[in-house]
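Architecture at a glance
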Amino acid sequence: MGNTDRRPASETGETIAKTGSGRRRGAKRGGPVAGLLVARSPVGLGKGAQDRARLDGPCTVGRGSACGLKLADRQVSHEHFRVDREAGAYIVEDLGSTNGTSVNGDLLQPGEKRSLPSPSVIRAGDTVLVFLDNAEQLLGPGFLGDRRLFGMAGPFHDGALLVRLKEAAASRRPPLLAGPSGVGKELAAAALARFWGLEPPLRYNASASATPEEMSRALFGVAPGAFTGVDKRDGLIVSASRAGQPLFLDEVHHLPLEAQATLLTVIEDRKFARKGAEDKELEVDVRFVFASNEPDKLKPDLRARLWVVDVPPLRDRVADVPALFDALLARCLGSHGAAADAVRPGPDGDVYHDLCLAAAGGRFDATNVRGLLDAADRIAARVATGGDQQDAADSVLAELGLCGAAGADGEGLGGQYEANRELIEAVYRGCGRNAKKTVELIKGCGVPWTISRRHLSKHLLKWGFNED
């Protein structure tokens, strides 16, 4: 987290790299536009730095001023790697970098070319990038506002989502937030309320465990004398109308068809009749927000009346993972009584790299952002009870099976640990056999190779220091 500001370029004044012909934004193209997104940078991007690149042509990535995407990372070579399009496919090539380039956890050999599936996680030095073959929505101006006011932390996809939500809010058609569980549909519903200038919405979850009668009573209420032993109840639709709040109906596909038909009547006519009301209709004025992880199960005529907004799963927003994790970790530290500042300067690049690989590989498909929250909460609990943040991050990710990606074990990055073993051992002994101080000292010297505590510990064990 630290001083790294991962807000979209439209919010920070950062520039978007252009490659190839430098085609103007908004110009018509024959197909999808690919892009490179800087998911994690070890330093603040700063004014004029680039956090994304449009791949209109060959793009060289590195620290050099002539690079199409310039990275502020001392572990990155002046010309580190290149992305180009050959025979209809995007390929990446390492340009003989000092620390090497890994793609989806596998190290490239110097001069090796490898095709890039979408998404692909690329590691160069301490920087983590994500390649997407269709990044058009993420490369333009994006949302012209501060996404943090909406509780959203993702620097790329959250801005694009807010643009779509703002469009939906401008329509009188109720929005339908479509996406799997744990992707943040509640945040999206709250954003819609904000765009409407209303208070946060009332929420009702149409759980599959509730009976059709219970759902009907909760939403539409009960008229006097409708059922023996049941008192009059207004229901959430009437309550939301009186309070001037939107009504957020989650898992709406679980509602019985009769209730869905009544909802369609409310949407179109702004009135409905309750059971036992002797045909007396209630007039209401309420904004609905629907959500479903199975939108195709909705009554077709109701679904056709709604404005569908897809809320993407974590697998489709890998570039947001580091910023989301930082925001969740800071929140969890606060909830555990630890200072949120403890997250600075944040875990090392290996943690973010492993989390991005896990997301791209579908490890969070069942939980999405809730899975990131679980990891952040476990780490924060250990920090709050006196643990070291980096040690906590390493151990939690190991316990959850989210680390140890193939080819990303520190051996491959130019053989740097073995090549510098004498220096590393000397510094380690000089630091009183303290791994944390060893990494800080070596990094502080500005060496042109990458070192991390997790990989240092592995090599120290390999070299027999566990026997001392």
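Residues numbered from 1 in each chain as written. Predicted model: local features only at pLDDT ≥ 70, side-chain atom pairs only at ≥ 80, totals over all residues. Heavy atoms only, no water.

With that settled, consider the overall build of the protein. Helix and strand counts for the protein come out as 16 helices and 19 strands. In the protein, which comprises 468 residues, the proportion classed as buried is 51%. When contacts within the protein are restricted to residue pairs at least 6 apart in sequence, long-range pairs at least 24 apart make up 66% of them. When the accessible area of the protein is evaluated, it comes to approximately 20,400 Å², of which 48% is carbon and sulfur surface. (Helix = DSSP H or I, 4+ residues; strand = E, 2+ residues; numbered from the N terminus. Buried < 20%, exposed > 50% of the residue type's maximum accessible area, 1.4 Å probe, protein only. Contact = heavy atoms within 4.5 Å. Areas by Shrake-Rupley, 256 points an atom, 1.4 Å probe, with all protein chains shown as cover.)

Quick look at the packing of helix α11 (residues 369-384) against helix α12 (residues 389-399) now. For the pair α11 and α12, interaxial distance at closest approach is 9 Å and the crossing angle is 140 degrees. One element, α11, and the other, α12, form an angle in the oblique class. By crossing handedness, the relation of α11 to α12 is classed as right-handed. On α12, the residues that touch Ala 375, Arg 378, Ile 379, Arg 382 and Val 383 of α11 are Gln 389, Ala 392, Ala 393, Ser 395, Val 396, Leu 397 and Glu 399. A per-class count over the contact of α11 with α12 returns seven nonpolar, two polar and three charged. (Axes fitted to C-alpha atoms, helices over the stretch in contact; angles between N-to-C directions. Parallel < 35°, antiparallel > 145°, perpendicular 65-115°, else oblique. Left-handed = near helix turned anticlockwise from the far one by under 90°. Nonpolar A, V, L, I, M, F, W, Y, C, P; charged D, E, K, R; others polar.)

Right, let's get into the sheet that holds strand β10 (residues 113-115). Pairing within the open sheet is mixed, and its five strands lie in the order β5-β4-β6-β7-β10. One side of each edge strand has no neighbouring strand; the edge strands of this open sheet are β5 (69-70) and β10. As defined by bridge partners, strand β4 (residues 59-62) adjoins β5 across two bridges and the pair is classed as parallel. The residue of β5 that forms the bridge with Gly 62 is Lys 70. (Pairing = 2+ DSSP bridges.)

Moving on: the sheet that holds strand β13 (residues 175-178). One open sheet holds the five strands; their spatial order is β14-β15-β18-β13-β19, and the pairing between them is parallel. If you trace the sheet from one side to the other, it starts and ends with β14 (202-205) and β19 (307-310), each paired once. The average undirected angle you get between the axes of adjacent strands in this sheet is 20 degrees. When strand β15 (residues 247-250) meets strand β18 (residues 288-292), the two strands line up parallel, connected through three bridges. Across the sheet, Leu 247 pairs through a bridge with Phe 288, a residue of β18.

With that out of the way, let us pick up the side chain of Thr 101. One can find Thr 101 in strand β8 (residues 101-103). Accessibility expressed as a relative area gives 0% for Thr 101, which makes it buried. Of the polar contacts made by the side chain of Thr 101, one reaches the side chain of Asp 94; its length is 2.7 Å. Those residues in contact with Thr 101, other than ones at most four positions away along the chain, are His 80, Phe 81, Asp 94, Asp 106, Leu 107, Leu 108, Ile 122 and Arg 123. (Polar contact = N/O pair within 3.5 Å; in protein donor to acceptor, adjacent residues only side chain to side chain.)

Right, let's talk about the environment of Gly 334 for a bit. Note that Gly 334 resides in helix α9 (residues 321-335). Considered as a pair, Gly 334 and Ala 380 are 46 residues apart in the sequence and their alpha carbons are 8.5 Å apart.

Let's shift gears to the packing of aromatic side chains. Throughout the structure, instances matching the rule amount to six aromatic pairs. Considering the side-chain rings of Phe 325 and Tyr 352, the 6.3 Å spacing of their centres and the 85 degrees angle between planes classify their relative orientation as edge-to-face. On the criterion of sequence distance, the pair formed by Phe 325 in helix α9 and Tyr 352 in helix α10 (residues 349-360) is long-range, its members being 27 residues apart. On the basis of relative accessible area, Phe 325 is assigned to the buried category, the value being 0%. Taking relative accessible area as the criterion, Tyr 352 reaches 0% and is therefore assigned buried. (Phe/Tyr/Trp six-rings, centres within 6.5 Å; stacked < 30°, edge-to-face > 60°.)

Per the stated rule, a full pass over the model turns up 25 salt bridges. One salt bridge connects Arg 305 with Glu 268, and the closest N-O pair in it is separated by 3.9 Å. One end of the pair, Arg 305, is in the loop between α8 (300-304) and β19; the other, Glu 268, is in helix α7 (residues 257-269), and 37 residues separate them in sequence. The exposure class assigned to Arg 305 is partly exposed, which follows from its relative accessible area of 24%. (Salt bridge = Lys/Arg side-chain N within 4 Å of Asp/Glu carboxyl O.)

Right, let's get into the nonpolar core. Counting residues in each nonpolar core, the largest one holds 44 residues, and the members touching the most others are Leu 314, Phe 325, Leu 355, Phe 364, Leu 372 and Ile 379. For this core, the secondary-structure elements that each account for two or more residues are β2 (35-40), β12 (127-132), α2 (136-139), α9, α10, α11 and α12. With eight residues, the single largest contributor to this core is α10. Those residues within four positions of Leu 372 in sequence are excluded, and the remaining contacts are Leu 314, Val 321, Leu 324, Phe 325, Leu 328, Leu 355 and Phe 364. (Core = buried A, V, L, I, M, F, W, Y, C linked by side-chain atoms within 4.5 Å.)

As a further point, take α9. Each full turn of the α-helix corresponds to 3.6 residues, which orients residues three or four apart in the same direction. Helix length check: α9, at 15 residues, gives a terminal C-alpha distance of 21 Å against a target of 21 Å (1.5 Å per residue), a fit within 8%. Counting buried positions over the 15 residues of α9 gives eleven, a clear majority of the element. One or two steps after α9, the chain reaches Gly 337, where phi turns positive at roughly 85 degrees. (Expected span 1.5 Å × (residues − 1).)

All right, on to the environment of Val 163 then. When you line up the elements, Val 163 lands in helix α3 (residues 157-169). Spatially, the C-alpha atom of Val 163 lies 5.5 Å from that of Phe 143, the residues being 20 residues apart in sequence.

Most of the time, phi is negative for any residue but glycine, and the peptide bond is trans. For the bond from Ser 118 to Pro 119, the omega torsion is 0 degrees, close enough to zero to count as cis. By the secondary structure assignment, Pro 119 is in the loop between β10 and β11 (120-124). Even without a glycine there, the phi angle at Ala 87 is positive, about 50 degrees. Mapped onto the elements, Ala 87 comes out in the loop between β6 (81-86) and β7 (89-94). Even without being glycine, Glu 251 reaches a positive phi, approximately 50 degrees. Mapped onto the elements, Glu 251 comes out in the loop between β15 and α7. For Glu 251, a relative accessible area of 23% corresponds to the partly exposed category.

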